[in-house]
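# A closer look at the structure
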Amino acid sequence: MSRALQPDEELVELDAEAVRTWCARAFDALGREREEIDAINVYPVADGDTGTNLYLTAEAAHQAVEAVFAASGPDTAETVRAMAHGALLGARGNSGTILSQLLRGMATVLADGRDGEHLARAFAEAARAARQAVAHPVEGTILTVASAAAEACAAGGTLVEVARGAYEGAATALAATSGQLDVLERAGVVDAGGRGLVAVLGALLETVTGQTPDHPGTAPLPPAAPREKCAGEDGPAYEVIYLLEADDAAVALLRSRLDALGESLVVVGGDGLWNVHVHVDDAGAAVEAGVEAGRPHRIRITHFASDATPAPGRGTARGTGSGTGDRYGTDDGYGTDHGYGTDDGYAYACGTGDDDARGERAARAIVAVVPGEGLAGLCAEAGATTVRARPGEPPAENELVEALRRAHAREVVLLPNDTDLRETAAAAAERVRAEGVRVALVPTRAAVQGIAALAVHEPGRRFDEDVVAMTAAAGATRYAELAVAEHRSFTSAGVCQAGDVLGLIEGDVAVIGQDLTETARTVLDRMLSAGGELVTLVVADDAPPGLAADLERHVRRAHLAVDTTTYHAGAEAPPLLIGVE
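Bear in mind that the values here come from a model prediction, so they are computed numbers and not experimental data.

## Considerations on the overall build of the chain
Helix and strand content of the chain: 18 helices and 16 strands. Looking at the chain alone, contacts between residues at least 24 apart form 72% of all its contacts between residues at least 6 apart. Surface exposure of the chain reaches about 23500 Å², of which carbon and sulfur atoms provide 48%.

## Concerning the pattern of salt bridges
What the rule picks out here adds up to 24 salt bridges. The partner of Arg 553 in a salt bridge is Asp 550, and the shortest N-O contact between them spans 3.9 Å. You can see Arg 553 and its partner Asp 550 sitting in helix α18 (residues 547-558), three residues apart, about one turn around the helix. According to the relative accessible area criterion, Arg 553 is partly exposed, its value standing at 39%. Relative accessible area serves as the criterion here: at 17%, Asp 550 is assigned to the buried category.

## Digging into the packing of aromatic side chains
To describe a pair of aromatic rings, one takes the distance between the centres and the angle between the planes. Under the counting rule described, the total for this entry stands at one aromatic pair. With centroids separated by 4.9 Å and ring planes inclined at 20°, the aromatic side chains of Phe 27 and Tyr 55 adopt a geometry described as stacked. You can see Phe 27 sitting in helix α1 (residues 16-39) and its partner Tyr 55 sitting in helix α2 (residues 50-71), a full 28 residues away along the chain. Take Phe 27 and Tyr 55: they sit in the same class, and that class is buried. The lysine or arginine in question, Arg 20, covers the ring of Phe 69, its NZ or CZ lying 4.3 Å from the ring centre. Taking the ring centre of Tyr 55 as reference, the NZ or CZ of Arg 34 above it sits at 4.4 Å.

## Some words on the packing of helix α6 (residues 142-152) against helix α7 (residues 159-176)
The geometry of α6 relative to α7 is characterised by a closest axis approach of 7 Å and an angle of 140° between their N-to-C directions. Compared by their axis directions, α6 and α7 come out oblique. As α6 runs across α7, the sense of the crossing is right-handed. Contacts between α6 and α7 involve Thr 144, Val 145, Ala 148, Ala 149 and Ala 152 on the former and, on the latter, Gly 165, Ala 166, Gly 169, Ala 170, Ala 173 and Leu 174.

## What about the confidence of the model for the chain?
Overall, the prediction assigns the chain a mean pLDDT of 83, with 86% of residues at 70 or greater. When mean pLDDT is taken per element in the chain, α6 scores highest with 96 and strand β4 (residues 295-303) scores lowest with 81. Taken as a whole, residues 217-233 scores under 50 in pLDDT and shows 36 contacts with residues more than four places along the chain or in a different chain.

## Concerning the sheet that holds strand β5 (residues 362-370)
Backbone-to-backbone hydrogen bonds pair the strands of a sheet. The strands run either parallel or antiparallel. Spatially, the four strands line up as an open sheet ordered β6-β5-β7-β8, and their pairing is parallel. Strands at the two margins of the open sheet, each flanked by one partner only, are β6 (384-388) and β8 (438-441). Strand after strand, the sheet turns through a mean of 20° between neighbouring axes, direction not considered. Here β5 pairs with β6 via five bridges, running parallel. By the bridge assignment, Val 369 is partnered in β6 with Val 387.

## What about the nonpolar core?
One broad trend across soluble globular proteins is that nonpolar side chains are buried collectively. In this structure, Trp 22, Leu 119, Phe 123 and Val 208 are the most contacted members of the largest nonpolar core, which totals 77 residues. In contact with Phe 123, other than residues within four places in its own chain, are Met 106, Ala 150, Cys 153, Val 162, Ala 166, Leu 201 and Leu 204. Listed in part, the 30 residues of the second largest apolar core include Val 448, Val 456, Ala 469 and Ala 474.

## Examining the pairing of β4
Of all nine residues that make up β4, seven are buried, and the element is covered over most of its length. Across seven bridges, the pairing between strand β1 (residues 238-245) and β4 is antiparallel. Note that in β4 the partner of Glu 239 across the bridge is Thr 302.

## Side note on the packing of helix α5 (residues 116-133) against α7
Here α5 crosses α7 at 25°, and the two axes come no closer than 7 Å. Between α5 and α7, the crossing angle belongs to the class labelled roughly parallel. Considering the relative orientation of α5 and α7, their crossing is right-handed. Each of Gly 116, Leu 119, Ala 120 and Phe 123 in α5 lies in contact with α7, whose residues at this interface are Leu 159, Val 162, Ala 163 and Ala 166. Here the contact of α5 with α7 is composed, by residue class, of seven nonpolar, one polar and no charged.

## Points about the environment of Gly 86
Considering the arrangement of structural elements, one finds Gly 86 in helix α3 (residues 76-90). Owing to a relative accessible area of 6%, Gly 86 belongs among the buried residues under this scheme. In the structure, Gly 86 is positioned 29 residues away from Thr 57 in sequence and 8.0 Å away in space, judged by C-alpha atoms. Once residues lying within four places of it in the same chain are set aside, the contact partners of Gly 86 are Ala 60, Ala 61 and Ala 64.

## Some remarks on unusual backbone geometry
Here the residue pair Tyr 43 and Pro 44 is connected by a cis peptide bond, since its omega of 0° sits within 30 degrees of zero. Here Pro 44 is to be found in the loop between α1 and α2. You will see that His 408, though not glycine, has its phi angle at about 50°, which is positive. Position of His 408 among the secondary structure elements: in the loop between α13 (397-407) and β7 (409-415).

## So, the environment of Glu 168
By the element assignment, Glu 168 lies in helix α7. We classify Glu 168 as partly exposed; its relative accessible area is 45%.

Rules of the game
Residues numbered from 1 in each chain as written. Predicted model: local features only at pLDDT ≥ 70, side-chain atom pairs only at ≥ 80, totals over all residues. Heavy atoms only, no water. Helix = DSSP H or I, 4+ residues; strand = E, 2+ residues; numbered from the N terminus. Contact = heavy atoms within 4.5 Å. Areas by Shrake-Rupley, 256 points an atom, 1.4 Å probe, with all protein chains shown as cover. Salt bridge = Lys/Arg side-chain N within 4 Å of Asp/Glu carboxyl O. Buried < 20%, exposed > 50% of the residue type's maximum accessible area, 1.4 Å probe, protein only. Phe/Tyr/Trp six-rings, centres within 6.5 Å; stacked < 30°, edge-to-face > 60°. Lys NZ or Arg CZ within 6 Å of the ring centre and 35° of its normal. Axes fitted to C-alpha atoms, helices over the stretch in contact; angles between N-to-C directions. Parallel < 35°, antiparallel > 145°, perpendicular 65-115°, else oblique. Left-handed = near helix turned anticlockwise from the far one by under 90°. pLDDT = per-residue confidence, 0-100. Pairing = 2+ DSSP bridges. Core = buried A, V, L, I, M, F, W, Y, C linked by side-chain atoms within 4.5 Å. Nonpolar A, V, L, I, M, F, W, Y, C, P; charged D, E, K, R; others polar.

Below, the structure written as C-alpha cells:
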C-alpha cells in the first residue's frame, strides 16, 4: 500500500498512489500521537478527546480511499475526493470536523493539478474554507496553524518545497499557540487540534520525500496538565454532531439558528451534504433545527460532564435509539450514539408545577395528532394520547394544550405529524411548559413519521435520549400521500384535473394519475429508487379493495429486500399514506 521512494528520490507530482500513501501515513501518525494529543486538549472544551477525534476522522478518510482503490484504479481527482468525502462522513468533534473541511478545500484544487503550484493553492483554499466553516474563528487554534501552513508555501515551488514549507510553517505556528490563548498558556500546552494538523502535514512531507520529518519542537508536557472547567459547568453541556442533507439556503438559515443556540459552531461540506457540529445546552433544539433544514443523519450527542477525562481509545458511549445494527442501522441511516453521563436533559424550560387533583403524574407520555380512527386506536394501544385531525380541520392550539394536559405526565413528547401544525404545536408546547411540564416537540411531518418515532419510544430511558431517538427515527422516514384532486390546478408535476389521483412525495406533487393503485405503484417505485428497507402503508376505509395486498405484492416482486407493514387508518383519512425507511 505504501509507496517506497528510492534514496534521494523525491516526488514531482502528487498522484493517486501518493495521496493513498499520505492518507495511510496520516492515519498512522494520528494513531501514534493520539494519547499525547488527548492529554493536551484544553480548548475549546477540556474533554480530552481531540486526538481520538482526529484519529477517527483520519480513519474514515483512509477507509474511503482504500475502498476506491479496491473498486478500480482511481486517478488523483477521485482519490482526493474520496479522502475528503470519507473525512466528511466520519468527522468527529470540533477539530475532526475542521480537518475534514481542510481536506475538502485541498481536494477542490488537487483535482485539477498535482504539482507543487497546485499543492500551494490547495493549502490556501483549505485554510480559507476552514475559516469560513467556523462561525467565530479564534486564533491560537488549528485554524491559525492551517493559515500559517498556507502562508509559508504561498510562493509555490516544487512539490517537496511546498510540502516542506507548509510543514515547517505549521510547526512554527503550533509552538506559538500557547501564547495566543490564555487557556493554553495556563495549562502550559500547545493547541491540540493544531498539533494533530502538524502530524497530518508531517505525513505528507514523509510521503513526498521518503524521510520522516523532525518532530515539531513543542514544550514538554507536564504529567497532568491543569484542566479548565469542562463545558456544562461554565459552557454548554452537550456536543451535537450530525450529517445533514440540505440545500445551501437551508444551511445558511441553520447556521444562524445554531449560532444563537450555542457556540463552537462548525458547518462543513457542500453539494447537498454537510457535517454539523455545535456545543449547546438545548440538544433537542439543535437536532430539531437540523430536521427543519433537511434530513439529518447519524445524530451523535455527547454530554461533556461524562466525557471530561476519557480513556485513550474511547468509544464506550452508550448507544441508544437507532444506532448501527438496529432498525435504522445502515451507514446512511439515522443513528444515535449518546454519551450522557447524568440525568440532565435538554433545556426545555420546564417549571415546577404541582400535580393536579387526578393524583401523581405519570413519568412520561406521548401525544400524537393522527388522521383516522384506525391510527388513533393504533397509537392508543402504544400508550399515546391522540388528537384527531379531520380533513380540512386541523386541531387548534387549545386542542393540543388540552391533550398535553390530559396526558397527565411530568414529561411529554408531542408528535404533530403535519408540517402545517408545526407552529401551532410549538405554541401549545410552550403554554404547557409554563405549567411545569417538560414538553419536547418532535417535528414529525406526516403520520408515518409519527409511527416510526413511536416504534422506537422507550419510557425506561432518559427523556433526552428518548427524544433524540424518536427524532432520528422520524427523520429517517420518507413520506408520501395519495389524494384525489378536487378541481383543476397547476402542480409541480403538471396540470391536474378534478378527479385525478395525486401522488405527493415529501409534500410536493410528484405523480398525476387516473388510477389510485397504479399511481401508488409509481410513487413507491420512485421512493424506493433511493433505497429503503421497510415500507409502511396506511390505508383508509374508502381506498379501493385489495389496494394494500396489491402494493405488498408489487414491493415483493420489484424490491426483494424490502419489507412491508400495513395499517388501517379507518374513516376520515387520506386514501393512502406511505412511509419508506
